[in-house]
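Survey of secondary and tertiary structure
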Amino acid sequence: MLKRIGLLLGAMALCVGLTGCFPNKVAPGEVGVIVSTMGSDKGVNMKPAKSGWNFLGFTEDLYTFKTWDQNINLTEISFGDSDGARITAMVGVTASAEPDSAPKLFLKYRKDMEDIIKTNGVQVIKTAFTNEASKLKVDAIYGEGQEVFLQAVQKRVADHFAQFGLNVSNIYLLEELGLPPTIKEALNAKVLANQVTSQKQNEVAQATADANKVIERAKGEKAAAIAVAEGQAEAIALIGQAMAANPLYLELKKVETWKGDVPGTLVTNGSAPTFLPLK
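Let me sum up the structure you'll find in this document. Just so it is clear, the structure is predicted and the values come from calculations on it, not from any experiment.

Basis of the calculations
- Residues numbered from 1 in each chain as written.
- Predicted model: local features only at pLDDT ≥ 70, side-chain atom pairs only at ≥ 80, totals over all residues.
- Heavy atoms only, no water.
- Helix = DSSP H or I, 4+ residues; strand = E, 2+ residues; numbered from the N terminus.
- Buried < 20%, exposed > 50% of the residue type's maximum accessible area, 1.4 Å probe, protein only.
- Pairing = 2+ DSSP bridges.
- Axes fitted to C-alpha atoms, helices over the stretch in contact; angles between N-to-C directions.
- Contact = heavy atoms within 4.5 Å.
- Phe/Tyr/Trp six-rings, centres within 6.5 Å; stacked < 30°, edge-to-face > 60°.

**Comments concerning the side chain of Gln 70**
Of note, Gln 70 is situated in strand β6 (residues 70-80). In this structure Gln 70 comes out as buried when scored by relative accessible area, which is 14%.

This is the structure we're talking about:
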């Protein structure tokens, strides 16, 4: 390990001594841009400097951009809805440099990414908020449509910076939107009214569901009672038919149930006697 370090230091010293170059490191997660300040190659080298050691001449400078997402918070911006109501917002931006386009980004702005967002980006973002808000009323921006609104703003900003190699992946609010007091009170009242309406609708739906359950239960009980009655009627009809076809069946049942008591009354029907026991 010490040998490798020694060789590296030796190579670096040789490079400085022979060519006047010196090492400069691009950290992991960053991309470098080399700028020549003198000579025929003066200007921005359009080939990005990758992470690791890069050897620069005395007339070259190295600038770096982060290629991972950074959250950059901005100052307050103001815009209006379709009716002209003034809205304020504390906005944050998530951005990163496109590695292969870093030289183009530097050539356009000659600043690091945070400075680009906080200076050039503010006006772009404000314009995006203004253009999108001008198509909506304040309740669509402040209420349930806020996420869709912010996505539309983010797309506008991302499309603008993408051509220069800067990725804007998110536009977010640092705090609640600022509204005129009268508008905010009206929106809160509307939200409350919607909640009450929704609650009543839920109560009506629940009552209807309960009533339907009772109705369906009654229908079931009615169907069951009809089925029982129909069954009993069919049974009686069958018994009647059987009795008509077998008139001696009843006498047979009487004999089977007779306990040997002497009848006190004799009833005849013209053919066979019927005995009735004394009570």
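Once the structure has been displayed, the description carries forward.
**Notes on the sheet that holds strand β7 (residues 86-97)**
Sheet architecture is open: three strands sit in the order β6-β7-β8, paired in antiparallel fashion. Two strands lie at the open edges of the sheet, namely β6 and β8 (166-173), each paired on one side alone. Going across the sheet, the axis of each strand differs from the next one's by a mean of 30 degrees, ignoring polarity. Where helix α5 (residues 146-162) meets the sheet, its contacts fall on β6 and β8, and the angle it forms with β8 comes to roughly 155 degrees.

**Focus on the packing of aromatic side chains**
Two numbers describe a pair of aromatic rings. These are the distance of the centres and the angle of the planes. Scanning the model with the defined rule gives six aromatic pairs in all. With a centroid separation of 5.1 Å and an interplanar angle of 35 degrees, the aromatic rings of Phe 79 and Phe 129 are classed as tilted. Placement of the pair is Phe 79 in strand β6 and Phe 129 in helix α3 (residues 113-133), with a sequence separation of 50 residues. Residues Phe 79 and Phe 149 carry aromatic rings whose centres are separated by 6.1 Å and whose planes lie at 35 degrees to one another, so their mutual orientation is tilted. Here Phe 79 is found in strand β6, whereas its partner Phe 149 is found in helix α5, with 70 residues between them in sequence. No difference in accessibility class separates Phe 79 from Phe 149, as the two residues are buried. Put simply, the rings of Phe 79, Phe 129 and Phe 149 touch in pairs and so form one group of aromatic residues.

Purely geometric numbers; function is a separate question.
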